[in-house]
Amino acid sequence: MAILKFRQYDLCCPVCCDIFRDPVVLKCSHSFCAACPLCRREFVDEPVASLALKNLCDSYIPTSRRVERLGLQESCVNRFELICFMPSATEMRSVLTCLQEKTEAFDKMKQNYENTVTHIQVQAWFVAKRIHEEFEIFHHFLQAEEAARLAALKEEEESKSEVLRQSMREMDRTLASLSDTIRAVEEMALEDTFFLQKCKQTIAQCTLIDVAKYLGSLQYKVWEKMQGIVKYTAVTLDPNTAAPWLLLSEDLTSVRDSDDKQKLPDNPERFDPDTGVLGSEGFSSGKHVWDVEVGENSAWVLGVAKESIQRKDKVSSVLKNGYLSVYFYHNMYFAGTSPLTVQLDWEKGRVCFSDPADNMQIYTFKHTFSESVFPYFWVGCKQCPLRIEPLEVSVKAVDHT
């Protein structure tokens, strides 16, 4: 006769983890000790005793353990409700679905982080490139200016040195002739007197190098001369607020619409879906003016926007919802001039629009500001950009007299 061998954990209750004591079988086919009242799923019917499993377990454990188990059994409560711990298939599917959704959400969030890191690296590369290009312009200007000033100094040095060298050559010739006429003392005296007077006149006419002309306020004079290459705009566009469809110039002074949506991080500052962009600096005091060239642009909005505007919703009108702007769209004009001057007076609560050609006032908003406002640009034209005009820069010494 074959002898069956059992491992101890095959005869253990899944609740108390001990060898079965009076095992019972539920309708779900799971077996538990009759004295283990832990539950999830209720069964109204009395559980059925499993005599075969009980005899097998009793024969497996030592006699001393049997006596101990019997005492524990008698001390247990007489009646309880058994509930199966094993989850149903429906419960398992629900848990798995929830876990899968969480996994997908975390994967999406991780991908967004990775995309943002990549975008930051691209931004850093672009900014470094622009800084290098801008400073190359300064380096080229300063190197050219240095070379021109050194060349002028060299030319002056050689010119004035040549005058003195010419006088020295004449002196050598005169001294040589004096040795031939040493006997004619009176004549020599007259010639010597005439030559000495001529040398004094030459030295008097030959001035030294004007050191002060080259070194006096040198840095200021070069800075003043740099006005020809330096450009300043009152507003710089903020690429982190630009809608994904907008294309900004490298110097961040012009913007136009496009057909393609760029892959950009969906950061809180960015406009989407509206094709708007803000200036990089907000204003909470003072007067500020900037000129915008609209050219042949067929759809644009210009003005200011409050810091608290909604940037992730398409607004029904930019003349409300935190915007103070004028617009041109579908041949309807609030201002038809180009460029257009926007003037903000925060303290007086005014935003004025005018034509810089004749300073004619076009429209004025009156509004009490309670928060920072930013220059606002909306563009719906792909052919012609909106361009912020540079301001005239001047360098002047302050006269305190």
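Conventions used here
Residues numbered from 1 in each chain as written. Predicted model: local features only at pLDDT ≥ 70, side-chain atom pairs only at ≥ 80, totals over all residues. Heavy atoms only, no water. Helix = DSSP H or I, 4+ residues; strand = E, 2+ residues; numbered from the N terminus. Buried < 20%, exposed > 50% of the residue type's maximum accessible area, 1.4 Å probe, protein only. Contact = heavy atoms within 4.5 Å. Areas by Shrake-Rupley, 256 points an atom, 1.4 Å probe, with all protein chains shown as cover. Salt bridge = Lys/Arg side-chain N within 4 Å of Asp/Glu carboxyl O. Pairing = 2+ DSSP bridges. Core = buried A, V, L, I, M, F, W, Y, C linked by side-chain atoms within 4.5 Å. pLDDT = per-residue confidence, 0-100. Patch = residues over 30% accessible without salt bridge, like charges linked within 9 Å, V, L, I, M, F, W, Y side chains within 5 Å. Lys, Arg positive; Asp, Glu negative; His and termini not counted. Charge placed at Lys NZ, Arg CZ, Asp CG, Glu CD.

As annotated in an unreviewed UniProt entry, the protein chain carries the name Tripartite motif containing 35-14 and comes from Hucho hucho.

Novice: Even after reading the chapter, I still don't get the overall build of the protein chain, so can you show me in this structure?
Specialist: Counting secondary structure elements, the protein chain contains six helices and 17 strands. Put simply, the protein chain has 401 residues, and 30% of those count as buried. Contacts in the protein chain between residues far apart in sequence, at least 24 positions, make up 67% of those at least 6 positions apart. With an accessible surface of roughly 27200 Å², the protein chain has 57% of that area assigned to carbon and sulfur atoms.

Novice: Before we go on, may I ask you to explain the pattern of salt bridges in this structure?
Specialist: Any two side chains of opposite charge can pair if their charged atoms end up close together. Evaluation of the coordinates by the stated rule reveals 15 salt bridges. The salt bridge partner of Lys 154 is Glu 157, with a shortest N-O separation of 3.8 Å. With Lys 154 and Glu 157 both in helix α3 (residues 89-180) and three residues apart, this pair spans about one turn of that helix. Between Lys 160 and Glu 156 there is a salt bridge whose closest N-O contact spans 2.9 Å. Taken together, the residues Lys 160 and Glu 156, both in helix α3 and four residues apart, mark about one turn of the helix. In this pair, the class of Lys 160 matches that of Glu 156, namely buried. Three or more residues are tied together by salt bridges with common partners; here these are Lys 129, Arg 130, Glu 133, Glu 134 and Glu 250.

Novice: Can you walk me through the pairing of strand β11 (residues 323-329) in this structure?
Specialist: Regular strands show a simple pattern: their side chains alternate between the two faces of the sheet. Counting buried positions along β11 yields six of seven residues, so the element is predominantly enclosed. Bridge analysis of strand β10 (residues 299-306) against β11 gives seven bridges, and the strand direction is antiparallel. Among the inter-strand pairings, Trp 300 is bridged to a residue of β11, identified as Phe 328.

Novice: Would you take a moment to explain the nonpolar core for this structure?
Specialist: The tendency in soluble globular proteins is for nonpolar side chains to be buried side by side. In terms of nonpolar packing, the biggest core is built from 43 residues, with Trp 290, Trp 300, Leu 302, Val 351, Tyr 376, Phe 377 and Leu 386 touching the most fellow members. Within the residue set of this core, elements represented by two or more residues are β8 (276-278), β9 (287-293), β10, β11, β13 (340-345), β14 (350-355), β16 (373-379) and β17 (386-388). In terms of nonpolar packing, the next biggest core, distinct from the first, is built from seven residues, Cys 13, Val 15, Phe 20 and Leu 26 among them.

Novice: When you look at the confidence of the model for the protein chain in this model, what are you seeing that I'm missing?
Specialist: One rule of thumb: low pLDDT means the predicted coordinates there are not for detailed reading. Scored by pLDDT, the protein chain has a mean of 78; 72% of the residues are at 70 or more. Confidence, read as mean pLDDT per element, is least for helix α2 (residues 63-75) in the protein chain (47) and greatest for strand β6 (residues 247-248) (96). Contacts of residues 66-83 to residues separated by more than four positions or lying in other chains number 29 contacts, the stretch itself having pLDDT below 50.

Novice: I would appreciate a short explanation of the sheet that holds strand β7 (residues 254-256) in the present structure.
Specialist: Neighbouring strands of a sheet are bound in pairs by backbone hydrogen bonds; such pairs are parallel or else antiparallel. Taken in spatial order, the seven strands of this open sheet run β6-β7-β17-β9-β13-β14-β15, and their pairing is antiparallel. One side of each edge strand has no neighbouring strand; the edge strands of this open sheet are β6 and β15 (360-366). As paired strands, β6 and β7 are joined by two bridges and run antiparallel to one another. Note on β7: the bridge partner recorded for Leu 247 is Arg 256.

Novice: Which parts of the structure should I look at to understand a positive patch on the surface?
Specialist: Together, Lys 287, Lys 348, Arg 350 and Lys 366 make up a positively charged patch on the protein surface. For Lys 348, the location among the structural elements is in the loop between β13 and β14.

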